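Geometric and topological summary
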Amino acid sequence: MRKLLFESLIKPTLTEAPPSPADAAVEELAKTLGKQARRSLGRSLSIREVDAGSCNGCELEIHALNNAFYDVERFGIRFVASPRHADMLLVTGPVTKNMAEALKRTYDATPGPKWVVAVGDCGLDGGCFAGSYAVAGGVSAVIPVDLHIPGCPPSPSDILAGLLALLDETNRPARS
Amino acid sequence: MAAFWQDILKDREAEPHGGWQHHAIDESEWTETAEALDGETAVLLGLWGDRGTIRMALLDEATNDVVVLALACPDGTYPSIGKHHAPAQRLERAARDLFGLTPRDCPDPRPWFDHGRWDLRHPLGEAAAEPADGAAYEFLAAEGEGLHQIPVGPVHAGIIEPGHFRFTANGETVVRLEERLGYTHKGIEGLMAGASLDRAASLAARTSGDSTVAYSLAFARAVEDALRVEAPPRAVWLRALMAEIERLANHLGDIGAICNDAAFALMLAHCGVLRERVLRASEAAFGHRLMRDRIVPGGVTTDLDDEGIDTIGLMLGEIRRRFPALVELYDNTASLQDRTVTTGSLSPALARRFGAGGFVGRASGRAFDARRACAYAPYDTLSFEVPVLMAGDVDARVWIRIREVEQTLSLVEQILDRMPAGPILAEPGKPSGPREGMALVEGFRGDVLAWLRIDEDGHVGRCHLRDPSWFQWPLLEAVIEGNIVADFPLCNKSFNCSYSGHDL
Ligand code: SF4
């Protein structure tokens, strides 16, 4: 029974529509990103995600990068549990004053060379939370940022495209 | 039958605000109500500060009546509710941090949102500058032979929100968990004060990303309650459609994530696909994957066309086809059940006492569902069941989600079938004087409460949003006791409390 179940679930059904142009674009994007990462780093890309005060919307879409539609791991893009294993910090949210120190410490714990990507409208300048007594500002108010991916939240494909744009600037030195 | 507060409150005319009972009461009534909160049918729905006033919302579970009680605090203090009723304690601590209102005899004098990093104290009350010192937080002591502490967070290992967990363990076994939250405190209620309705609505939509529809709906309905306007019928039905789609997406995500934390990744993979289908259908039908900013005071901003209806229909069809096999897989996988059954058990008594909503409450015998209890449109005319279980463990919380997915599929079908035609937005207008309004809305996680006061100029004077997590977080501390540390992620995921919604 189990076997049957697995098969019926895993096998693509005959009725499955061919991948839409959008899906194909995502695939293309992720592949290039993986390649670029290998070229720049000589290996796959390890990302540590840090929520510095987001509403959790950005996290949902970053999460989606791991679902079977995007499945970024197949291209050598991995989310890691510790900043010490990371090449890149993917930071979301307006940085709250209550999180500023934790973010700074996470940055310091990430070995160079490293990149910082700020995700979402909040990550740029605090978004609609800017000016609050509890908000320090965008990500760059606390740590240096290499790239910003706008959106509220940016879709998984936007995030992929953003990461690619960063690695594409092959000349850009990572911070050490 | 009369609600439990009716014997306590003195006879007086109810104040003319919105569709709920509002009473300004005195200290003796306040204290007597506090003492009655541990009664059989009494539930604390919320407690929040304002300049010089403290308010609480109550529910009587027997009659489903809701009341808001306001107590003036001319000297900045009031008798603590938390002293009599533990679920109020964190709310009181938050109100003190924000407004400087001190609960007299509150058993817990420690700050909650204020981590000593804002450069000022009581930002929403008589704000006073104070250099940020980030003073250390005093965790509760746990003493005994062989105990050790494990601090976790605020930055966690996964792609999740920040918060701090302090475990005290004896070997593998957790003897105490203490949470420290407030890391994502953005000052949403401060930003809302004085904001236009549009700006406040967009802040409400960004209070908790996974519940953006629920928050927008709660805020919009509170505004409509205050201004006595009604959204057009088509808007009401479109709102319910979005709310159910949001529930569907989140429950599917949760079921997969819980199983994944029990090291059963297959389920995550399949549920993740279904969740993505829901988000893509939302994008196609409403123009945003999370349906953010679609619900506004007065109605909705996006209409649904035939193409949108077809996309949602296809998505429903796929879930109907694939979901039963996943349920069977969950039910028949012994290694998975071994992790979820009897893990993290929440007793019905505790769930009731804290008025726990959503799957946390319903997996522990508390049947409350705002869609049923408040019967707001269009749920008063839709047919659905509210699943309830008694076991209270991780397994029960998974099953409640599974049953709710099934109910939601049927609700979406009913809504699509009966969607009325017509306009989707009415102008909310301006009040003739200050007006208060409130709404209780069932999000995927439980009931979201929105209370607000609109000033004469049409701006928000004060708005309070109470996430269901306020009454679920403390219970997570209770259920982990006696479980092994390795089961914490599983328990935590099965609660899936919101950080941002709680921290505001
Ligand atoms: S950009 Fe939008 S989704 Fe991301 S944290 Fe900010 S409000 Fe939330």
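Residues numbered from 1 in each chain as written. Chains lettered and ligands numbered in written order. Predicted model: local features only at pLDDT ≥ 70, side-chain atom pairs only at ≥ 80, totals over all residues. Heavy atoms only, no water.

With respect to the pattern of salt bridges
All names here are of chain B. Applying the stated criterion across every chain, the model contains 41 salt bridges over all chains. One salt bridge in this structure joins arginine 362 and aspartate 369, with 3.6 Å as the shortest N-O distance. In this structure arginine 362 comes out as buried when scored by relative accessible area, which is 0%. Accessibility expressed as a relative area gives 2% for aspartate 369, which makes it buried. The partner of aspartate 447 in a salt bridge is arginine 466, and the shortest N-O contact between them spans 3.1 Å. Here arginine 466 lies in strand S16 (residues 460-466) and aspartate 447 lies in strand S15 (residues 447-454), a separation of 19 residues in the sequence. (Salt bridge = Lys/Arg side-chain N within 4 Å of Asp/Glu carboxyl O. Buried < 20%, exposed > 50% of the residue type's maximum accessible area, 1.4 Å probe, protein only. Helix = DSSP H or I, 4+ residues; strand = E, 2+ residues; numbered from the N terminus.)

Overview of the domain arrangement of chain B
The figure often quoted for interface size is the accessible area lost as the parts come together. Residues and elements named next belong to chain B. When the domains of chain B are assigned, the result is domain 1 (5-125) and domain 2 (188-503). Here domain 1 and domain 2 have C-alpha centroids that lie 25 Å from each other. Domain 1 puts 38 residues into the contact, and the matching count from domain 2 is 31 residues. Here domain 1 meets domain 2 over a buried area of about 2,900 Å², counting both sides, of which 57% is carbon and sulfur. (Domains from an automatic or database assignment. Contact = heavy atoms within 4.5 Å. Buried area = accessible area lost by both parts, 1.4 Å probe.)

Points about the packing of aromatic side chains
Residues and elements named next belong to chain B. Going through the model one piece at a time under the given rule, you end up with 15 aromatic pairs over all chains. Between tryptophan 473 and tyrosine 499, the ring centres sit 4.8 Å apart and the planes meet at 70 degrees, which makes this aromatic pair edge-to-face. Of this pair, tryptophan 473 sits in helix H14 (residues 473-480) while tyrosine 499 sits in the loop between helix H15 (488-495) and helix H16 (500-503), and the two are 26 residues apart along the sequence. Comparing tryptophan 473 with tyrosine 499 shows no difference in burial state: the two are buried. Through pairs of rings, three or more aromatic residues link up here, namely Phe165, Phe167, Trp473, Phe488 and Tyr499. (Phe/Tyr/Trp six-rings, centres within 6.5 Å; stacked < 30°, edge-to-face > 60°.)

Regarding the environment of B:Asp487
All names here are of chain B. As for its position among the elements, aspartate 487 is in the loop between H14 and H15. Classification of aspartate 487 as buried rests on a relative accessible area of 11%. Counting along the chain gives 39 residues from aspartate 487 to valine 448, while the straight-line C-alpha distance between them is 28 Å. In this view, aspartate 487 contacts Arg339, Thr343 and Ile480; residues no more than four positions away in its chain are not counted.

What about the side chain of B:His156?
Looking at the element boundaries, B:His156 is found in the loop between strand S9 (147-152) and strand S10 (164-170). For B:His156, a relative accessible area of 8% translates into the label buried. Within polar-contact distance, the side chain of B:His156 engages the backbone oxygen of B:Glu161 at 3.3 Å. If sequence neighbours within four positions are ignored, B:His156 has contacts with A:Arg48, B:Glu161, B:Gly163, B:Phe165 and B:Tyr499. (Polar contact = N/O pair within 3.5 Å; in protein donor to acceptor, adjacent residues only side chain to side chain.)

Details of the site of the ligand
Every residue close to the ligand is listed here: A:Ser54, A:Cys55, A:Gly57, A:Cys58, A:Gly120, A:Asp121, A:Cys122, A:Gly151, A:Cys152, A:Pro153, B:Arg206 and B:Arg292. Nearby residues place the ligand at the junction of chains A and B. Secondary-structure elements contributing two or more residues to the shell around the ligand are helix H3 (57-64) and helix H5 (121-125) of chain A. Within the shell around the ligand, the residues separate by chemical class into five nonpolar, four polar and three charged. (Near = heavy atom within 4 Å. Nonpolar A, V, L, I, M, F, W, Y, C, P; charged D, E, K, R; others polar.)

Overview of the nonpolar core
Note that soluble globular proteins tend to have their nonpolar side chains buried in a common cluster. Grouped together as the largest cluster of nonpolar side chains are 171 residues, with contacts concentrated most on B:Phe219, B:Leu241, B:Phe286, B:Ile312 and B:Phe323. When residues of this core are assigned to their parent elements, the largest contribution, 15 residues, is made by helix H6 (residues 233-261) of chain B. Two domains each put at least three residues into this core: domain 1 (5-125) and domain 2 (188-503) of chain B. Contacts of B:Phe219, omitting those with residues within four sequence positions, involve B:Met192, B:Leu197, B:Ala200, B:Ala201, B:Ala204, B:Pro297, B:Ala450, B:Leu452, B:Val460 and B:Cys463. Ranked by size, the runner-up nonpolar core spans 25 residues in total, among them A:Leu45, A:Ile62, A:Leu160 and A:Leu164. (Core = buried A, V, L, I, M, F, W, Y, C linked by side-chain atoms within 4.5 Å.)

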